[in-house]
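What follows is the residue order along each chain.
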Amino acid sequence: MTSPAPNIRPAPPIIRQLDEAAINRIAAGEVVERPASAVKELVENAIDAGARRVEVAYAQGGKGLIRVTDDGWGMAPGDLPLALSRHATSKIDGSDLLDIRSFGFRGEALPSLGAVGRLTITSRRDGAEAARIAVTGGAAGPVTPAALNRGTVVELRDLFFATPARLKFLRSDRAEAQAIGDVVKRLALAEPFIGFSLRDMSDGGEGRVIFRADAQTGDLFDALYGRVVAVMGRDFAENALKIEAEREGFGLTGFAALPTYSRGAAVAQFFFVNGRPVRDKQLIGALRAAYMDVLSRDRHPAAALFIDCDPHLVDVNVHPAKAEVRFREPGIVRGLIVSALRHALAGAGHRASSTVAGATLGAMRPEPSGPPRVYQMDRPSPRALSLSYAAQAPAAPEAPLAEGFAEPSARFETAAPAPEAEALPLGAARAQLHENYIIAQTERGMVIVDQHAAHERLVYEKLKRQMAERGIAAQALLIPEIVELSEGDIARLMEDEADLTRMGLTVEPFGPGAIAVRETPALLGEVDAGALIRDILDELADQGDSQTLQARLDAILSRVACHGSIRSGRRMRADEMNALLREMEATPLSGQCNHGRPTYVELKLSDIERLFGRT
């Protein structure tokens, strides 16, 4: 610091009215953070204009060129200068700022973009002539005739040329291009009935298509499924659960992936409120809470969730870039997300992600060392197979192993289970490998089960059911622990007193600025009550709800389940293995262990045959 009191001046400051150019550049600093922000504003304008097809092109990561072309209603020549005026919009009349049903409503995007770049708008409305207007650094030119069939073309060149200091804070062209792609994909998810394309023009010519999503047809879920495939990939769509729920005026639809289809970062989480893409920490927290019991802390769920409600129940005008929203009843929304997702995950039963099998097959395939060989094989008939098996059956007791050979690490069952067992989802147990892996045969292939991980999940679910039925035992502290807190924290904590008591944590006010902890969950044993209370308060302040205590209780049950489950190395009889398979089929969430890892891998017969060149 050059001065010990930098805010003290020798003379009082003079209040001045800023000119229009400075006002627009300041507004641009809030609205246009980077090229992706400009793309977001322009594409949202195109959607609001009724476009059925939106094409986005960029060069140098959006720093050199951004062009958005749509086939919407367009503008008349007389509307072009007004569109470049601040707070001029056709989307609201200003009478009710809560009844907002469009993406844009402030009328700031176009004048802000014109203040920091070279902006050209060409538009044509049905029944009128096409016209063009150009703005450079906030200075608008005259309206001139142009050639255009329909809709609007907005072209922005040399972004931030009027504020070169902002250019220094932009990232590389590649990083900015990725941000543009993310924005376009989020808006494409929000509007499955509109076609989108994204093109990189950095190398000149027609450019390179980066992303394309054709307009979908059919009902909402069919259209959304098709768009999810285009944006999030077919693997996600095939391993996602359909979500549809409603509570007190809020509706929730979308898709959420199985826990075994988790990601290393929160890159596949999409939230939409009344069709608007948002990044809201409360929604992210609710998603995390829904998967808390089936994912470890270093894994993140994948989901595309849409919340619909009356516009008066949510305020979208709380963030400069409209990226966050504020619900009138955030607790209802959080409860809706958590309960709907947990219900869907429980309904999935033992189902696990198909990508697990894909990864297994990929590990089993040898590296190609030349042109693929083509095998021609005749598939034997069932009778020929039966005769072949009979001929290969041992006619005498098995001879002892020759000296120097190790004991086998696999056992097969001579007594075949009932044929109908193979028709069940996890099939019939046929063998046990290394005293840890159960091999089961199904009608369509085979299943490999990790006996310890599977039984651990079964025991864990049983313990949770018992705790829910009998309640959580509390242990009274001989001397209540006094925790000093601010009045605001005490009030926030006491709002959730009933929930805390239900989970075995009894607290009550203890004079001004303190609470007394009288009981703690017996399952936790000796606990630092002060640290636990502060962790709960931190989560309440950050997300409006706390799962800290429940998470600790579940962690204890998980450890108990781990010690009480079938250990690796234990030999199991055929009836025990089949009983484990049947219990997995009947238990929710048995497709993954307590940490989100798969408990079994299913390999289709067609995939196995492909490994051996039989197809």
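One structure accompanies this document, and this report is about it. (Residues numbered from 1 in each chain as written. Predicted model: local features only at pLDDT ≥ 70, side-chain atom pairs only at ≥ 80, totals over all residues. Heavy atoms only, no water.)

**Some details on the environment of Gly204**
By secondary structure assignment, the location of Gly204 is in the loop between β8 (195-200) and β9 (208-213). Along the chain, Gly204 and Ala59 lie 145 residues apart, while their C-alpha atoms are 8.6 Å from each other. (Helix = DSSP H or I, 4+ residues; strand = E, 2+ residues; numbered from the N terminus.)

**Some remarks on the sheet that holds strand β21 (residues 474-484)**
Strand order in this open sheet of 3 strands is β21-β23-β22, and the pairing throughout is antiparallel. In this open sheet, the two strands that pair with only one neighbour each are β21 and β22 (506-509). In this sheet, adjacent strand axes meet at a mean angle of 20° when their direction is disregarded. With 7 bridges joining them, β21 and strand β23 (residues 514-521) adopt antiparallel strand pairing. In the sheet register, Glu481 faces β23, and the bridge partner there is Val517. In this fold helix α14 (residues 487-495) packs onto β22 and β23, with an angle of close to 135° to the strand it touches most, β22. (Pairing = 2+ DSSP bridges. Axes fitted to C-alpha atoms, helices over the stretch in contact; angles between N-to-C directions. Contact = heavy atoms within 4.5 Å.)

**Section: the packing of aromatic side chains**
Under the counting rule described, the total for this entry stands at 5 aromatic pairs. Ring centres of Tyr225 and Phe255 lie 6.0 Å apart, and the angle between their planes is 65°; on these two criteria the pair is classed as edge-to-face. Placement of the pair is Tyr225 in helix α7 (residues 220-232) and Phe255 in strand β11 (residues 250-257), with a sequence separation of 30 residues. Classification of Tyr225 as partly exposed rests on a relative accessible area of 32%. Site record: aromatic cluster; members linked through ring pairs are Phe221, Tyr225 and Phe255. The side chain of Arg118 reaches across the aromatic face of Phe161, ending 3.9 Å from its centre. Here the guanidinium or amino end of Lys242 rests over the ring plane of Phe221, the centre of that ring lying 4.2 Å away. (Phe/Tyr/Trp six-rings, centres within 6.5 Å; stacked < 30°, edge-to-face > 60°. Buried < 20%, exposed > 50% of the residue type's maximum accessible area, 1.4 Å probe, protein only. Lys NZ or Arg CZ within 6 Å of the ring centre and 35° of its normal.)

Geometric descriptors of this kind do not, in isolation, establish any biological role.
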